[in-house]
Amino acid sequence: MSRWILPSTQRPERGSHLLNPELAPSPRRVALWAAAQGWYVHPLAPGTKVPVRGCDRCSAGSKERPNPQHVAHDGHGCECIAAGRPCHGVLAATTDPDRIASWWARTPAAGVGVAAGPSGLVILDVDCHGGQPPEDLAELLPGVDLPNDINPGSIIDGRDTLALLVEARRAVLPGCGPETLTVRTPSGGVHYWFRAPAGTAWRPLAGALGWQLDVRAGSSYAVAPGTVTRSGTYTALGDCRTVAELPVWLARDLDRTGHRVRPERPRTVLPWRTRSMGSGYAAAAVEAELRAVAEAQPGTRNATLNRASFNLGTLCAAGRLDRGQLADVLLDAARHGGLSDREAEAAIRSGLTAGERNPRTHAGAAA
């Protein structure tokens, strides 16, 4: 595998800046520009990439210098946010230009943080920290089939890990296809900014995608291009200042690695609860099987129904449950899960019949 090289269209040129190549923008202008894109911003302590210190009540201080006036509380409901103070970092982020102007008038040199979740952003953070890659090369990209001819000496940092992922997916380097805002960090890393697909939510998980590959999403934030720190400047590369939607191939990998937040499905209210279906183990077995049928995913519903019918049929044969009642409640659950009566009745009939040929003993039921 060849060494990953930043495409020429993304290499920063001397004197390049966020908005005007001849005039470096002030932090306030950067913040207002970001807010105009619909991104929620909050100030960072001058020269750093950490949020500004909150008021005495909200700031815990550091381990070395704890703040005795700090009051532990949930920042989500903090009165400081409603009052327009930048306490609690991401939680205080806003697109309100008046509030932004007020914050940066108070601290003109503050950097600009962009809250990923409220802004609908997913930012791939490719680190360039050096260090030793995992001894087991399979840990470079957990869950991804890698070529057998990888030269361990060619893996130096996150850029090489990303190159492997792109090669494995037969994809195009993020930021090139589709073109999107790409930012060079002071350490030499790269941030690829993407828009979260409509109706999706994502979470930050450091290293879950791969070695030195992080994701900024949800409750985390990224440093806006144009922000100057003691380590250097976050520089937008090339001419693109828009954010493309997260590529499908990358979204699939981030979903696989747990970065996508999927809402918990509500527990199904089962129609059989109003009926008498035994007690103890038998009742628990019926509830578990019916819930599995009612909540089965498309493509698995028929097989799940047949398996549930078989399992409950073994109890029916042992005299613990009534076949007619079982058939009724199984059909109710199958309808809830989206199966038609015709296909459900066939699966129930064959499953119950097969189960009755294998009656479950009391000893087996207790196991």
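None of these values were measured; they are calculated from a predicted model. Residue positions are given per chain, counted from 1 along the sequence in the order it is written. At least 70 in pLDDT is required for a residue's local features to be given in this predicted model, at least 80 for side-chain atom pairs to be given and counted, and no such filter applies to totals for whole chains, interfaces and linings, which use all residues. Hydrogens and water molecules were not included; the side-chain quantities draw on all heavy atoms of the structure.

S.K.: How would you explain the overall build of the protein if you had to name every residue and give the values?
M.R.: Every helix listed is a DSSP run of H or I at least four residues long, and every strand listed is a run of E at least two residues long, numbered separately from the N terminus. Check the secondary structure of the protein and you find eleven helices and 13 strands. Here the protein holds 367 residues, and the buried ones make up 46% of them. The criterion used for residue contact is that any of the two residues' heavy atoms lie within 4.5 Å. Long-range pairs, those at least 24 residues apart, make up 71% of the contacts in the protein with a sequence separation of at least 6. Only the protein chains shown count as cover for residues, and all accessible areas are computed by the Shrake-Rupley method using a 1.4 Å probe. Total accessible area computed for the protein in this model is approximately 18500 Å², and 51% of it derives from carbon and sulfur atoms. Residue burial is assigned from relative accessible area. The probe radius is 1.4 Å, only protein chains are included, and a residue is buried under 20% of its type maximum, exposed over 50%, and partly exposed in between.

S.K.: Report on the sheet that holds strand 8 (residues 221–223), specifying residues and quantitative values.
M.R.: With respect to topology, three strands assemble into an open sheet ordered 1-2-8, the strand pairing being antiparallel. Every interior strand has two partners, whereas the edge strands, strand 1 (40–44) and strand 8, have only one. The sheet shows a mean angle of 35° between the axes of neighbouring strands, direction not considered. Two strands qualify as a pair provided DSSP detects at least 2 bridges between them. Bridge count between strand 2 (residues 111–115) and strand 8: three bridges; the pairing is antiparallel. Orientation is described by axes fitted as lines to C-alpha atoms, over the contacting stretch for helices, and by angles from 0 to 180 degrees between their N-to-C directions.

S.K.: Any chance you could break down the packing of aromatic side chains for me, citing the residues and the numbers?
M.R.: Geometry of aromatic contacts follows a simple scheme: Phe, Tyr and Trp rings, the Trp one being its six-membered ring, pair when their centres are within 6.5 Å, and the pair is stacked under 30 degrees between planes, edge-to-face over 60, tilted otherwise. On inspection of all chains with the given rule, the structure shows three aromatic pairs. Centroid distance W39 to W193: 5.3 Å. Interplanar angle 40°. Geometry classified as tilted. With W39 in the loop between helix 1 (27–36) and strand 1 and W193 in strand 5 (residues 190–195), the pair connects residues that are 154 residues apart, well separated along the chain. Judged by its relative accessible area of 6%, W39 is buried. Ring centres of W103 and W104 lie 6.4 Å apart, and the angle between their planes is 55°; this geometry places the pair in the tilted category. Neither W103 nor W104 differs from the other in exposure class; each is buried. Through a chain of ring-to-ring contacts, the aromatic side chains of W33, W39 and W193 assemble into a single cluster.

S.K.: An account of the pattern of salt bridges is requested, with residue identities and associated values reported.
M.R.: Where charged atoms from two side chains of opposite charge come close, those side chains can pair. One side-chain nitrogen of Lys or Arg within 4 Å of one carboxyl oxygen of Asp or Glu is enough to make a salt bridge. What the rule picks out here adds up to twelve salt bridges. Across the pair R323 and E356 runs a salt bridge, and its minimum N-O distance is 2.5 Å. Of this pair, R323 sits in helix 9 (residues 323–337) while E356 sits in helix 10 (residues 341–356); the two residues are 33 residues apart in sequence, bridging distant segments of the chain. Connected through shared salt-bridge partners, R169, D253 and R256 make up one network.

S.K.: So what's going on with the pairing of strand 2? Residues and values would help.
M.R.: Most of strand 2 is tucked away, with five of its five residues classed as buried. Side chains G111, G113 and A115 of strand 2 all project onto a buried face; the interleaved residues V112 and V114 project onto the opposite face, where all are buried too. Here strand 1 pairs with strand 2 via five bridges, running antiparallel. Its bridge partner lying in strand 2, L44 is registered against G111.

S.K.: Any details on the packing of helix 1 against helix 3 (residues 97–106)? Residues and values, ideally.
M.R.: Viewed as axis vectors pointing N to C, helix 1 and helix 3 meet at an angle of 160°, and their least axial separation amounts to 10 Å. Between helix 1 and helix 3, the crossing angle belongs to the class labelled roughly antiparallel. The handedness of the crossing between helix 1 and helix 3 is right-handed. In contact with P27, R28, A31, L32 and A35 of helix 1, helix 3 contributes P97, I100, A101 and W104. Nonpolar residues are Ala, Val, Leu, Ile, Met, Phe, Trp, Tyr, Cys and Pro. Charged residues are Asp, Glu, Lys and Arg, and all others, Gly as well, are polar. Split by residue class, the contact of helix 1 with helix 3 holds eight nonpolar, no polar and one charged. For classification, angles of less than 35 degrees are called roughly parallel, those exceeding 145 degrees roughly antiparallel, those between 65 and 115 degrees roughly perpendicular, and all remaining angles oblique. In a left-handed crossing the near helix is turned counterclockwise from the far helix by less than a right angle, and in a right-handed crossing that turn is clockwise.

S.K.: Describe the nonpolar core, and please don't skip the residues or the numbers.
M.R.: Only buried residues count toward a nonpolar core. Its members are Ala, Val, Leu, Ile, Met, Phe, Trp, Tyr and Cys residues joined through side-chain atoms within 4.5 Å. With 31 residues, the main nonpolar core has W39, V41, W104 and W193 as its most contacted residues. Counting only elements with at least two residues in this core, the list comes to helix 1, strand 1, helix 3, strand 2, strand 3 (121–126) and strand 8. Sort the elements by how many residues they give to this core and helix 1 lands first, with five residues. Not counting chain neighbours up to four residues away, the residues in contact with W104 comprise P27, R28, A31, V41, H42, P43, A110, G111 and V112.

S.K.: Any chance you could break down the side chain of S59 for me, citing the residues and the numbers?
M.R.: Topologically, S59 is positioned in the loop between strand 1 and helix 2 (79–82). Judged by relative accessible area, S59 falls into the buried class, the value being 10%. Counted as a polar contact is a pair of N or O atoms within 3.5 Å, where, for protein atoms, one must be capable of donating a hydrogen and the other of accepting one, and residues adjacent in sequence contribute only when both atoms are in side chains. For S59, the side chain forms a polar contact with the main-chain nitrogen of G61, separated by 3.4 Å. With near-sequence residues (within four places) excluded, S59 lies in contact with R53, G54, N67 and H70.

S.K.: With reference to specific residues and values, describe unusual backbone geometry.
M.R.: The residue after G177, namely P178, is reached through a cis peptide bond having omega 0°. Inspection of the secondary structure assignment puts P178 in the loop between helix 5 (158–168) and strand 4 (182–184). One non-glycine residue with positive phi stands out, namely H88, at about 75°. Here R170, not a glycine, exhibits a phi torsion of approximately 50°, which is positive. Mapped onto the fold, R170 is located in the loop between helix 5 and strand 4.

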